[in-house]
Structure formats: structure tokens, C-alpha cells
Amino acid sequence: MYRNKTNRFTPLFIAIGVVVGILIGTFYANHFSGNRLNIINTSGNKLNNLLHIIDDQYVDTVDMNDLVEKAMPQILSELDPHSVYIGTKDVQSANDDLSSSFSGVGIEFTIREDTIHVQNVIGNGPAERAGVIAGDKIVSIDDKPFVGKIVTTTESMRRLKGPKDTKVRLGLLGYKAKKVRYVTVTRGEIPQKSVTATYMLNDDTGYIKIKKFAENTYPELLIALAQLSQGNLSNLVIDLRGNLGGYMASAVQIANEFLPKNRLIVYMEGRRSPRQDFLSDGKGSYQHIPLVVLIDEASASSSEIVSGAIQDNDRGTIIGRRSFGKGLVQKPLSFKDGSMIRLTTARYYTPSGRCIQKPYTSGSDKDYEEDLLNRYQHGEYFSQDSIKHSGKEYHTQNGRVVYGGGGITPDIFVPEDTTGITSYYKEAAMSGLILQFAFEYTDENRDKLKKLGGMTEMMNYLKRNNIVDKFAAYADKNGLKRRNLMIKKSNALLERYIISRIIYNILDEQSWTEYLNQDDTTIKKAIEVFKKKEAFPKNTDKNGGKA
């Protein structure tokens, strides 16, 4: 028993020694993305000695490279929750997430039954030009079978992505087809949109959904604003719900568009990073439009920079639920083998001085990892009184009280709607049966659904065809016993979820967003704020209470 425990921890101790030794002996004095990585080697000799002893005397042969790869994340996790190591093979994918485009085949896929299913094909992209259609299954790549346990999202993307103008041969099995057909796709640049929906909610209120803060988000926002301005744009909703963040520069540019000159947008500061202020330049074209920003518990980082700047400058109204609370600044540092780390070097602060970052402890912090679940169980999603604040008060430009403690607490709280939730609905949603049914229904009815036209026609068609009943029958055959009373109680929720996924499969993300927004309580609250002309927070006495 003692020997097993020793063996279990030995690789980690070895790995830590290996990593630190390599960092000291190999990477010291090298440049990383234009930055010199300086390491204090007070224990360097001891660690290097340990490394040599292990290499010379350890009972088994040790794969040093493998141990380094496994130990790097462990070491960084001892610092904070957001300092991370990215291995060489994952760097390109990590960078692609926030780039304006990537090189690939141009499909959106899902993996079902160990097989790639093409969910959507980008219009006029490489795959569409080669003859790939939504509903196809990819069963081979470059004449090698690609089915079974090897089919993961990471491995699929690795094989489908590649340098521009390179070719990949795909074996495709169409819906209900018995014979595989082959096409050769020439990879190309695939644009990635971070502004995924732009339309008018009503005659005078525009809506913009920002999915992430990528390198091209600000230009996309300007295009969206110009599009809305062609109509009678008098009010604006910016939806940051579910936006996990991205580039700080994009967040600063967007906040700048709405703020008067010389307003603090955000500042950051760290032990080795002197305070740096980011101020508005007064050149924004939308400094006076009534503005509402929507956030929720999945709005993080750059989303919190924008909402914090708008709130603390009393420039607009924040509606929704308390944001995630990610206010640590990561600096990318690259190694010669192509791998990289994102190391926390500073913290973000809102204009009033609030630290966006929620509390954490160094090392493995289970409470931090389960924070959103803990908030749910504590009742924060359903009651504003359940929101925990640090107790310290800060003041906005007009003197309104706001609180620290992590994240941005909205000016107007909108609880999560639990009406109609039953155990049947929870199991249907969490088991993936709704997604599975929606995909199969889409495949079986793709031609018919495509002829319906837009979102409204498709919604009405699906409602007329009693889509919930069809799902209940499907679910019953796939292990979820039919519960008629629960289905009746959850009918509206089930219908909304199922129809939204079918619309997403056939149309696009904008249509999906428009459908979901029709009965969204947070959207309704935003429109109500505009009607009451309350988008601009009112002045309060500096010692006044919560507004």
C-alpha cells in the first residue's frame, strides 16, 4: 500500500522538477513572443540536481517530454484558476477561437454515435463548393476510415482544419444513403463572426448579440450599428449573455463607442504591472443613444469590462443576473516548441475601483470550479436578495452604490424562469435527447423545412405539427418514459427548446436568436425600460442608497 502511494505521487514530483529544471536551464534568457521570461533560480541547483539524479538513477525509463506536458497544467493551477498551459497541438485551435477567420473546410458538425454529422455548411465555402450538404455523415478522411472511439471533437477538427489551399478527401454518407460518395475539399479561409445577431426588436429598438470578443468584433459592431441606423434606431440593446470574453482591446473599443471623452473604461494592475488606465477618446458615434446591456452568470472577462464601464459611468442600464467574475489578466508567453502559457499578470478593475475577479484560493479550488452550481443552489438565479456581496461599497459617476465581491451585479435583476420545469423536462434536456431528436427530425424533413422560408413560417409549421408529441414518442422509444402530466406542464418549454434547435439546424444563429428572444423576459424588461425612458440611470446623493 505504501509503495502504491509513492508510485502515484512520484511522477508529479519528477515532473515538477523536470519542468522547473527545463525552464531554468533551457528557457532562461530566451524571448517569448517579444517578452523575456526571467526566472528566479534560488532553488535552481537543487532542482537541477534532482532532475539529473532521476534521469540517472530512477528505476524505470522516464519519458521527460510526456511528464513536462502533464505537469505544466498542474504547476500553473497552483497559481490561480486562469493561468493555463496550452500544448503545441492545441495552440492553433486556441488562437483560432478569437481570430476573425481560420483555415478549414467550412462546416459545422456534431458527433453522434461515434460519427461526424454535418449540421450546417457555410454558404459558398469550400465544403459547399465541393458538394458537401447538411445531413451528410463523414465516414472517412483522406481515404482512411474515421468512425468509432477515435472520433472526438479535437481529433475531428485537427483532421479537417489545415493550411489554406491544401486538400482533404472526404467520404460522405448522405441521409439514408447506402453508398459512400467521395469529394475533395480545398481548404480556405472561413470567416468567424462574433456579432451573431442584428435586428430591430420593434420599430425603434435595435438589438445586437455579441458572442465573443475577438479581433474583429469592433468592426463587426460598427457594421451592425450602421445596419440598424438605416431604420428608425432610437434605442439599443447589446446582449452579452453567455459571452465568456476574449480580447480586452475589443472590449475597450466597444465601450469607447458609447462613452463621452475622458471617461475611465477599465484599469489593470499587478505586482509587476504598474496601473494602466484605458480612457475614452470621445470619438464614438453613439454617445447619446439610450442603451441597455444584458448579462448573466456566463458573461465573463471582456463582457464584464464593457458592462462595468457602462454601469460605473452611468451610461446605460445593466439588466439580467450577476456576471461570472473573471477579472484576471493573462499574458501569452510562447515556447520554442510552439506550446504556450497564458500567465496571469494583473487584475481588471472597473472605473469605480471594483475588482471584477471573484474570490479564489491558490491550487485546486473546488468552490471556484463549482461556483455557478453553488449560486444556483443558493438561489441567486431566482432571487436578487440571494446575491452575495463583499460588503464594500463603491460609487458610480452619479453616486449610485455598486458592490465589489466579483462580477457585475445588474441594475435590474431578472430571475431565471422556472415556470413549467419538471423532472421530465430536466431529463429530456440534460440527457441530450432533445438535441438528438431535433437533429434526426431535421434530417428526415430537411427538404420540406427548407421550402418554408424564414423563422416565423418554420415556427408556425412545427407548432401545427405538434412537435412536442413527436418528441415524446421518440423519447419513449429511447429510454425516457412518457409522463403525460409532466409533458403538459412543460409543454411550452419543450416546444421552445425543440423548435429552437430545428431552426438552428436549418437556418442560422440569427434566426435561432430571434426565435428565442420573442418571449424572453430579459428582452421584455429592456423594452419596458426604454418605454419608461429610464435607460440613463438617474443622479443620486453620494451617500444615497442602492438605485
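All residue numbers refer to positions counted from 1 along the written sequence of the respective chain. Whole-chain, interface and lining totals are the exception, using all residues; otherwise, since this is a predicted model, local features are given only for residues with pLDDT of at least 70 and side-chain atom pairs are given and counted only at 80 or more. To get the side-chain values, all heavy atoms of the structure are used, and hydrogens and water are removed first.

### A few points about the packing of aromatic side chains
Quick reminder of the rule: Two aromatic rings, drawn from Phe, Tyr or Trp (for Trp, its six-membered ring), form a pair once their centres lie within 6.5 Å of each other, and the interplanar angle then sorts them: stacked below 30 degrees, edge-to-face above 60, tilted otherwise. Throughout, exposure labels follow a simple rule: accessible area from a 1.4 Å probe, protein chains only, divided by the maximum for the residue type, with under 20% read as buried, over 50% as exposed, and the rest as partly exposed. Elements are defined by DSSP. Helices are runs of H or I of four residues or more, strands are runs of E of two residues or more, and each kind is numbered from the N terminus. Whether a charge lies above a ring is judged from NZ of Lys or CZ of Arg, which has to be within 6 Å of the ring centre and within 35 degrees of the ring normal.
As enumerated under the stated definition, the model contains 10 aromatic pairs in all. Measuring from centroid to centroid gives 5.3 Å for Y199 and Y207, while their planes differ by 50°, and the two rings are tilted. One exposure class covers both Y199 and Y207, and it is buried. The interplanar angle of 55° and the centroid separation of 5.4 Å between the aromatic rings of F437 and Y474 together place this pair among those described as tilted. In this pair, F437 is assigned in helix 13 (residues 433-450) and Y474 in helix 15 (residues 467-477), connecting sequence segments 37 residues apart. Three or more aromatic residues joined by ring pairs form one cluster here, namely F437, Y441, F471 and Y474. Lying over the aromatic face of F102, K161 brings its terminal NZ or CZ to 4.6 Å of the ring centre. Across the ring face of Y381, the terminal group of R321 is positioned such that the distance to the ring centre comes to 5.8 Å.

### Looking at the sheet that holds strand 18 (residues 317-320)
Adjacent strands of a sheet pair through backbone hydrogen bonds, lying either parallel or antiparallel. The test is simple: The pairing criterion for strands is at least two bridges between them, as found by DSSP. The contact rule is simple, with two residues in contact once any of their heavy atoms fall within 4.5 Å. For every element, the axis is a line fit to its C-alpha atoms; helices are fit only across the contacting stretch, and the angle between N-to-C directions ranges from 0 to 180 degrees.
Spatial ordering of the open sheet is given by 12-13-14-17-18-23, a layout of 6 strands whose pairing is mixed. Edge positions in the sheet fall to strand 12 (195-200) and strand 23 (412-413), since each of these pairs with one other strand and no more. Note: strand 18 against strand 23, 2 bridges, orientation parallel. Within strand 23, the position partnered with G320 by the bridge is F413. Those strands touched by helix 7 (residues 217-229) are strand 12, strand 13 (205-210) and strand 14 (235-239), and its axis lies near 15° from that of strand 12. Contacting strand 17 (291-295) and strand 18, helix 9 (residues 302-312) runs over the sheet at an angle of about 140° to strand 17.

### Points about helix 15
Here is the rule we go by: In this context, the arc is that of the directions from the helix axis out to the C-beta atoms.
Buried within helix 15 we find I467, V468, F471, A472, Y474 and A475. In an axial view of helix 15, the angular spread of the buried residues amounts to 165°, which keeps them on one side of the axis. For helix 15, the secondary structure elements touched by its buried residues are helix 12 (423-430), helix 13, helix 14 (455-464), helix 16 (484-489) and helix 17 (491-506). Phi turns positive, to about 100°, at G479, one or two residues after helix 15.

### Some words on the pattern of salt bridges
Our working rule: Criterion for a salt bridge: a side-chain nitrogen of Lys or Arg within 4 Å of a carboxyl oxygen of Asp or Glu.
On inspection of all chains with the given rule, the structure shows 25 salt bridges. Linking R400 and D314 is a salt bridge whose minimum nitrogen-to-oxygen distance equals 2.6 Å. Taken together, the positions of R400 in the loop between strand 21 (393-395) and strand 22 (401-403) and D314 in the loop between helix 9 and strand 18 put the pair 86 residues apart, joining distant regions of the chain. One salt bridge connects D411 with R400, and the closest N-O pair in it is separated by 2.9 Å. Of this pair, D411 sits in the loop between strand 22 and strand 23 while R400 sits in the loop between strand 21 and strand 22, and the two are 11 residues apart along the sequence. Look at D411 and you get buried, because its relative accessible area is 18%. Since its relative accessible area comes to 4%, R400 is described here as buried. Ionic contacts of the salt-bridge type, sharing partners, join the residues R322, K358, D371, R375 and E380 into one network.

### Details of unusual backbone geometry
Generally, phi is negative for residues other than glycine and the peptide bonds are trans, each holding for most cases. Even without being glycine, D143 reaches a positive phi, approximately 65°. On the secondary structure map, D143 appears in the loop between strand 7 (137-141) and strand 8 (144-145). D143 sits in the exposed class, given a relative accessible area of 52%. A positive phi angle is found at K533, which is not glycine, with a value near 55°. When you line up the elements, K533 lands in the segment after helix 19 (521-531). The class for K533 is exposed, based on a relative accessible area of 74%.

### Concerning the environment of Q276
If you trace the backbone, Q276 turns up in strand 16 (residues 276-279). The exposure class assigned to Q276 is partly exposed, which follows from its relative accessible area of 38%.

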